[in-house]
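One-letter residues, chain by chain:
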Number of protein chains: 2
Amino acid sequence: MAGFPKPVDDLITQFSKLPGIGRRTAQRLAFHVISLPTDRAMEFARAIIDAKEQTSWCPVCQNLTDGQVCVYCESSNREQSVICVVAEPRDVAAIERTREFKGVFHVLHGVISPSSNKSPDDIRIHELLARVDKGNISEVILATNPDTEGDTTALYIARLLRPFSVRVTRLAYGIPIGGHVEHADEATLLRALEGRREI
Amino acid sequence: MAGFPKPVDDLITQFSKLPGIGRRTAQRLAFHVISLPTDRAMEFARAIIDAKEQTSWCPVCQNLTDGQVCVYCESSNREQSVICVVAEPRDVAAIERTREFKGVFHVLHGVISPSSNKSPDDIRIHELLARVDKGNISEVILATNPDTEGDTTALYIARLLRPFSVRVTRLAYGIPIGGHVEHADEATLLRALEGRREI
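Residues numbered from 1 in each chain as written. Chains lettered and ligands numbered in written order. Predicted model: local features only at pLDDT ≥ 70, side-chain atom pairs only at ≥ 80, totals over all residues. Heavy atoms only, no water.

Quick look at empty space enclosed by the protein now. Where empty space is left becomes clear once a probe the size of a water molecule has been rolled over the atoms. Counting across every chain of the model gives two cavities of 30 Å³ or more. By volume, the largest cavity amounts to about 50 Å³. Forming the walls of the largest cavity are His 32, Leu 36, Arg 40 and Phe 44 of chain A together with Gln 14, Lys 17 and Leu 18 of chain B. Residue classes in the lining of the largest cavity are distributed as three nonpolar, two polar and two charged. In this structure, the second largest cavity encloses a volume near 40 Å³. Surrounding the second largest cavity, Gln 14, Lys 17 and Leu 18 of chain A together with His 32, Leu 36, Arg 40 and Phe 44 of chain B form its lining. Of the residues that constitute the lining of the second largest cavity, the class distribution is three nonpolar, two polar and two charged. (1 Å grid on protein atoms, 1.4 Å probe; cavity = no way out; pocket = protein on both sides within 12 Å on 5 of 7 lines; lining within 4 Å. Points joined across faces, edges and corners; volume = space filled by probe spheres on them. Nonpolar A, V, L, I, M, F, W, Y, C, P; charged D, E, K, R; others polar.)

Attention shifts here to the pairing of strand β5 (residues 139-142) of chain B. Residue and element names in this part refer to chain B. Residues Glu 139 and Ile 141 of β5 are buried on one face, and the alternating residues Val 140 and Leu 142, pointing to the opposite face, are buried as well. Direction of pairing for strand β3 (residues 82-86) relative to β5: parallel, over a ladder of four bridges. For Val 82, the partnering residue across the bridge sits in β5 and is Glu 139. In the sheet, β5 pairs with strand β6 (residues 167-170) via four bridges, with the strands oriented parallel. Of the residues in β6, the one forming a bridge with Leu 142 is Arg 170. (Buried < 20%, exposed > 50% of the residue type's maximum accessible area, 1.4 Å probe, protein only. Helix = DSSP H or I, 4+ residues; strand = E, 2+ residues; numbered from the N terminus. Pairing = 2+ DSSP bridges.)

Further remarks concern the packing of helix α5 (residues 125-133) of chain A against helix α6 (residues 148-161) of chain A. Residue and element names in this part refer to chain A. The contact between α5 and α6 brings their axes to 11 Å, and the two run at 35°. The two elements α5 and α6 cross, and the hand of that crossing is right-handed. Judged by residue contacts, Ile 125, Leu 128, Leu 129 and Val 132 of α5 engage Tyr 156, Ile 157, Leu 160 and Leu 161 from α6. Along the lines of polarity and charge, the residues of the contact of α5 with α6 split into eight nonpolar, no polar and no charged. (Axes fitted to C-alpha atoms, helices over the stretch in contact; angles between N-to-C directions. Left-handed = near helix turned anticlockwise from the far one by under 90°. Contact = heavy atoms within 4.5 Å.)

Residue and element names in this part refer to chain A. Topologically, His 106 is positioned in strand β4 (residues 104-107). A distance of 3.1 Å separates the side chain of His 106 from the side chain of Arg 131, its partner in a polar contact. When residues no more than four places from it in sequence are discounted, the contact partners of His 106 are Val 60, Cys 61, Gln 62, Ile 83, Cys 84, Val 85, Val 86, Arg 124, Glu 127, Leu 128 and Arg 131. (Polar contact = N/O pair within 3.5 Å; in protein donor to acceptor, adjacent residues only side chain to side chain.)

Turning our eyes to something else, we now look at the interface of chain A and chain B. With 57 residues of chain A at the contact, the number on the chain B side is 57 residues. At the junction of chain A and chain B, the tally comes to two salt bridges. For Glu 43 of chain B, the salt bridge is made with Lys 17 of chain A, and the minimal N-O distance between the two is 3.9 Å. Summed over the shared surface of chain A and chain B, the result is eight residue pairs in polar contact (both at pLDDT 80 or more). Within the residue set of the side of chain A that touches chain B, elements represented by two or more residues are α1 (6-16), α2 (23-35), α3 (38-54), β2 (64-65) and α4 (89-97) of chain A. Examining the composition of the side of chain A that touches chain B, we find that 15 residues originate from one element, α3 of chain A, more than from any other. When grouped by side-chain class, the residues that make up the side of chain A that touches chain B number 31 nonpolar, eleven polar and 15 charged. (Salt bridge = Lys/Arg side-chain N within 4 Å of Asp/Glu carboxyl O.)

All names here are of chain B. Overall, parallel pairing links the four strands, which are arranged β4-β3-β5-β6 in an open sheet. Unpaired on one side and paired on the other, β4 (104-107) and β6 mark the two borders of the sheet. Strand-to-strand twist across the sheet, computed as the mean angle between neighbouring axes with direction ignored, equals 25°. Along the sheet face, helix α4 (residues 89-97) touches β3 and β4 and points at about 155° away from the line of β4. Against the sheet, helix α5 (residues 125-133) makes contact with β3, β4 and β5, and its axis sits at roughly 145° relative to β4, the strand it touches most.

Scanning the model with the defined rule gives eleven aromatic pairs over all chains in all. Taking 5.3 Å as the distance between ring centres and 85° as the angle between the ring planes, the aromatic pair formed by Phe 44 of chain A and Phe 15 of chain B counts as edge-to-face. With Phe 44 of chain A in helix α3 and Phe 15 of chain B in helix α1 (residues 6-16), this pair bridges two chains. Taken as a pair, Phe 44 of chain A and Phe 15 of chain B share a single burial class, namely buried. Arranged with centres 5.2 Å apart and planes meeting at 70°, the rings of Tyr 72 of chain A and Phe 105 of chain A form a pair that is edge-to-face. (Phe/Tyr/Trp six-rings, centres within 6.5 Å; stacked < 30°, edge-to-face > 60°.)

What holds strands together in a sheet is hydrogen bonding between their backbones, with the strands either parallel or antiparallel. Residue and element names in this part refer to chain A. Strand order in the open sheet formed by four strands is β4-β3-β5-β6, with parallel pairing between adjacent strands. On the outer flanks of this sheet lie β4 and β6 (167-170), each paired with one strand and no other. Each strand axis lies, on average, 25° off the axis of its neighbour in the sheet, ignoring direction. Across the face of the sheet, α4 comes into contact with β3 (82-86) and β4 while running at roughly 155° to β4.

Here the focus is α1 of chain A. Given 3.6 residues per turn, any residue in an α-helix points the same way as the ones three and four places further on. Among all positions of α1 of chain A, only Pro 7, Val 8, Leu 11, Ile 12, Gln 14 and Phe 15 of chain A are buried. The buried residues of α1 of chain A occupy an angular sector of 160° when projected down its axis, which confines them to one face. On its buried face, α1 of chain A is in contact with α2 and α3 of chain A together with α1, α3 (38-54) and β2 (64-65) of chain B. (Arc of directions from axis to C-beta.)

Set out below in structure tokens:
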């Protein structure tokens, strides 16, 4: 007798499958959705369907697109010869927020991770190599996160790119702007020391 | 140029409207849903639609139900004369988890809250009074949260129930089982003192 009507339980289960959403939060979200006016709830369901049906991965860079080729890959305003390699589509948005990067992207959809059972074949490295192999690429910027898996992935890709005559770079990592040396953790400080430059 | 394809943006917006979900989490959830296999994403959308379409509020107790009258109100195994008044449907689940309560419920759908502009008329107090007025109710247990708004709501309802010959009780509040006197906050300790009993 305990528990909720089945459709409510089902919705809670769906929410609890989302990353970082526990059973209790899922319950709260489900009840919220159920208490929405019908048109608002339908709008939410519709947004899921639309996002799934109307978007796909850009065949060139593997980024999300609602057209054929994504806005970056088809733009004549972007340097098609400079590729910034990121782990996830949301990293594209982060780089774009700088408003400084004028090249294009390559989205790996993950990083090499033994703990999550992700081998190099499970992420879009092959597609990156094919792009570079086609020629006309001057630089590949490896912008994976500065953690073990991100570093491993960057090193792995860098090694594969060695045979090509292309500049391979990695984002600089160090003390964030506005941060304090005093409060920087050791790993960050180590990176900052390693990456020190002449002034 | 920055940003995501519109359907993706729309889904992020929908997620960010959920309570406690910020823009960044909404992004993460939206990308997760988009990267799901199509049938899994559709299942999620379907669960929202079903939960909305197939559930309603029980006309007796205002709890969620996928039938006409809810499982508690229509059950001959429950004491229909004992009503436990809770603020939200999820509180029903919490009480049910004790497996001890044999009465029925009344869901207020909120508490009296000047800060959120909720007056007594905005929650289902009227429906509760109508139930009690019909007769055959022996006890009303007020199980709103032990905070200012929950207490106010309980007191308000208790006063309205005074003209009826019905026992009105409130849940006991005090130190939680497994808790320590040393670590209990003052408000809890005060409640525990006030609610002390002979042993």
